[in-house]
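These are the residues of each chain, in order.
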Amino acid sequence: MIRIENLSKSFTLHNQGGTVIPVMAGAVLSVEPGVCVGLTGQSGSGKSTLMRMVYGNYLTAGGRLVVGALDVASAEPRQIIALRRHTLGYVSQFLRVVPRVPTLDVVAEPLLVLGTPASEARARAAGLLRRLNIPERLWALSPTTFSGGEQQRVNIARGFAHAYPVLLLDEPTASLDAANREIVLTLIEEAKARGAAILGIFHDEGARLRVCDRLVDVTAFTPGLAA
Amino acid sequence: MSDDTQSGAYTFAYLDEQTKRMIRRAILKALAIPGYQVPFASREMPMPYGWGTGGVQVTAACLTPEDRLKVIDQGADDTTNAVSIRRFFQRTAGVATTEATMDATIIQTRHRIPETPLTEGQILVYQVPIPEPLRFLEPRETETRKMHELEEYGLMHVKLYEDIARHGQIATSYAYPVKVEGHYVMDPSPIPKFDNPKLSGNPATQLFGAGREQRIYALPPWTDVVSLDFDDHPFETSKAPHDCDLCGAKDSYLDEVITDDEGGRMFVCSDTDFCAGRRAEGHEGRLGGDQKSSKTFANSFEGIWPATAGAR
Amino acid sequence: MTIMDRIATTHEPLLRVDGLTKHYGPRIGCADVSFDLYPGEVLGIVGESGSGKSTLLSCLAGHQHTDTGRIAYDGRDVLAMSETERRRLGRTDWAYVHQNPRDGLRMGVSAGGNVGERLMAVGARHYGDIRSKAADWLGRVEIASDRIDDRPSAFSGGMQQRLQIARNLVTSPRLVFMDEPTGGLDVSVQARLLDLLRGLVRDLGLSVVIVTHDLAVVRLLAHRLMVMKAGKVVEQGLTDQVLDDPQHAYTQLLVSSILQV
């Protein structure tokens, strides 16, 4: 479901003398349905950069990056929008939502944009929030007021609301207590079982060992760091 | 030129021939495009704006020495405004005048259409204060012209909507907007909506003159005129729920007249000629067949309160 | 079939702009602007004051004369249309939300009348229907139904803006132009309006061109982003991509200049 060939990336800082910073070269990787691949490498080696490129959030400088049937590296914005709606889910470390929107609607939104009837979407959202131990009295409030751990779980619920065939997980278990960590890992295992291809970053080694089928060290793709 | 001058004091009907020709051109254009407001170069008249300068100019442009002129104000031949305009044309054109609707060839009116049905060949000239029906909702002249051009009349219904929202019904009771021949929305001048049905399919030629606003518009004979309304709030005429106290008419438009300071009142035909005609035929109302004009009768009650003494 | 399915199966752009150019005398208003807008898409246009974004919007909406270029709406050449057709489009398929609600509302007409006007403009003649539709739309923009007969002058700025949106959307337009719709509003009111707009875009499948200088607004509202400078488009792409990985020097400057809360 994800196929990456010879992918490269650099940043050009126009306002700092046009400095060009190469951050990735020759990246190769693939993720099949039902498989979870973990990205490893020291901080700054480009794990999140690679993840963001897969999501279409960063442009690529060269190479191929195919998600499902779409080459993200050369796709039109609207193709990427459609890909994100139907195929590609992303649980980032940050929750970016319109302030004042109730948590229940934040979680239901990925389903609503797909045209799911509101009642059905909210029921699914409620199920996930309940499972992730977000107290029901908070559902009507905006998650912007929540603690870090609660925001993280809302983000996860949102990422799992729709059964995306491809999932990107950026530190999904960070800042979670043991019980909630267990629930998230179970959610990941369920997604794998239904055939989702998952690309993840896990600093939590136990989690990595439990859900990842393969590990890819991105240091190998980092210019100047590669051995 | 000198042929037209009757006594040497005035050009026939006061206005010079060039001006009358200019006004006639505007009238012809207005007749060719029913309901469309034709601009014209309105002249200063020897009377203030608001006293019918537009109507007077239109009448002046239409008058011939053979015409018989009737002038009414609120239906009455004998109120100040009517009397002064009638005298104006007697002096400047020397035309015959009449109070009988059926005898007149030209009738200048303020705020009424006579009760007696008009006939082919007659001309009814309306005095118009504000010709633009969209004015109170859209102050920009450029925009209202564009709206007329493109028949964008949603705004007109907004006005009626506001009426119903506020009063539970269309409370506009005079200057009620109409649509002419399926195109132009027109202000019929401040006639009561009771008179609106008479606008449509009328055998007479109806001309509208607005002096201050410099516009002339017209309804040629037999023009189709529809009062705007909603499906669930259809246009309805209205009048005081009484019969005329002088002539007993059940279907004429009535004025309410206060007769004393103890709540006494009477209802009389606003059309004095119509009322007098009925009484001459022997019809009698609640207060009997007084042979005075209804307005004169009403006026005789003025002066009961000092504050109204001398009021027009 | 849901709106989203309908949109997904549409492969023709709703609005196609090609080489649009507008000069003010010797000065450039906007130059050589091209883009496609598909059903259900929100396009954000950002740039500093004088960058040409408002000029572009008013040319698109037909409020200003365009010098050269082509605008095709639903396959029809907009610039070749008669004024009658264009104005008809302006009160049926298109809507325009002004920055200042006073420019988009009739301040002397009740809230219900404001919303009802577009219905009456396209021929609605049943008072009861017009009123219930107006009430329904007031509800959708969260204005209490007992305010239906109040004039907008009695409303707060945020309510006026929501009323303007209701007035514009009541005839189910397909294309909405918005000029800084959240400008001049309190931050909390802004958030409520953003949520409302997102919901309406989603539920009605609206296509929107929104001009703003507020990058936070476009991040939350726009699918795609166009960055303008000195009348020209310097960069366009997916909104989050343009904001997170800007390619042009000006965009980088713009993004790095945002104050963090």
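The structure presented is a predicted model; accordingly, all values stated were derived computationally and were not measured. (Residues numbered from 1 in each chain as written. Chains lettered and ligands numbered in written order. Predicted model: local features only at pLDDT ≥ 70, side-chain atom pairs only at ≥ 80, totals over all residues. Heavy atoms only, no water.)

> Is there a simple way to think about the sheet that holds strand 5 (residues 70–71) of chain A in this case?
Either a parallel or an antiparallel arrangement is found when strands of a sheet pair, and the pairing is made through backbone hydrogen bonds. Residue and element names in this part refer to chain A. Sheet architecture is open: 4 strands sit in the order 2-1-4-5, paired in antiparallel fashion. A single partner strand is all that each edge strand has here, and the edge strands are strand 2 (19–31) and strand 5. Sheet analysis places strand 4 (residues 62–67) next to strand 5, joined by 2 bridges and oriented antiparallel. Bridged to V67 within strand 5 is L70. (Pairing = 2+ DSSP bridges. Helix = DSSP H or I, 4+ residues; strand = E, 2+ residues; numbered from the N terminus.)

> Looking at this structure, I do not really get the interface of chain B and chain C. What am I missing?
Interface size is often expressed as the accessible area that is lost when the parts come together. At the interface, 21 residues of chain B touch 22 residues of chain C. For the pair chain B and chain C, the summed buried surface comes to about 1900 Å²; carbon and sulfur atoms form 54% of the total. For the interface between chain B and chain C, the tally reads 5 salt bridges. The salt bridge involving E83 of chain C is made with K146 of chain B; its shortest N-O contact spans 2.8 Å. The interface formed by chain B and chain C includes 14 residue pairs in polar contact (both at pLDDT 80 or more). Where the side of chain B that touches chain C is concerned, the elements lending two or more residues are helix 4 (141–149) and helix 5 (154–167) of chain B. When residues in the side of chain B that touches chain C are grouped by element, the largest group, 9 residues, is from helix 5 of chain B. Within the side of chain B that touches chain C, the residues separate by chemical class into 9 nonpolar, 3 polar and 9 charged. (Contact = heavy atoms within 4.5 Å. Buried area = accessible area lost by both parts, 1.4 Å probe. Salt bridge = Lys/Arg side-chain N within 4 Å of Asp/Glu carboxyl O. Polar contact = N/O pair within 3.5 Å; in protein donor to acceptor, adjacent residues only side chain to side chain. Nonpolar A, V, L, I, M, F, W, Y, C, P; charged D, E, K, R; others polar.)

> So what exactly am I meant to see when it comes to the sheet that holds strand 6 (residues 94–97) of chain C here?
Residues and elements named next belong to chain C. With mixed pairing, the 6 strands of this open sheet are ordered in space as 6-7-8-3-9-10. Edge positions in the sheet fall to strand 6 and strand 10 (232–238), since each of these pairs with one other strand and no more. Put simply, the sheet's adjacent strands are angled 15° from each other on average, direction ignored. As judged from the 5 bridges shared by strand 7 (residues 175–179) and strand 8 (residues 207–211), these two strands associate in the parallel manner. Counterpart to D179 in the pairing with strand 8 is V211. (Axes fitted to C-alpha atoms, helices over the stretch in contact; angles between N-to-C directions.)

> Quick question: what am I supposed to make of the arrangement of the chains here?
Summarising the chain contacts, 2 pairs of chains touch, and the pair with the most contacts is chains A and C. Separating chain A from chain B is a minimum C-alpha gap of 34 Å, and the two share no contact.

> I would appreciate a short explanation of helix 11 (residues 249–256) of chain C in the present structure.
Owing to its 3.6 residues per turn, the α-helix brings residues three or four apart onto one side. Those residues of helix 11 of chain C that fall on the buried side of the exposure criterion are Y250, T251 and Q252 of chain C. On its buried face, helix 11 of chain C is in contact with strand 1 (2–13) of chain A together with strand 9 (224–229), strand 10 and helix 10 (239–244) of chain C. (Buried < 20%, exposed > 50% of the residue type's maximum accessible area, 1.4 Å probe, protein only.)

> Can you walk me through the pattern of salt bridges in this structure?
Working definition: two side chains of opposite charge can pair if their charged atoms are close together. Taken as a whole and assessed by the stated rule, the structure comprises 50 salt bridges over all chains. The partner of E162 of chain B in a salt bridge is R166 of chain B, with the nearest N and O atoms 3.3 Å apart. Taken together, the residues span about one helical turn, with E162 of chain B and R166 of chain B both in helix 5 at a distance of 4 residues. With relative accessibility at 8%, the residue E162 of chain B sits in the buried group. Measuring nitrogen to oxygen at the nearest pair gives 2.8 Å for the salt bridge that ties E117 of chain C to R106 of chain C. With E117 of chain C in helix 5 (residues 111–121) and R106 of chain C in the loop between helix 4 (101–104) and helix 5, the pair connects residues that are 11 residues apart, well separated along the chain. Using a relative accessible area of 11% as the deciding quantity, one classes E117 of chain C as buried. A residue is classified by how much of its surface remains accessible, and R106 of chain C, at 17% relative accessible area, is buried.

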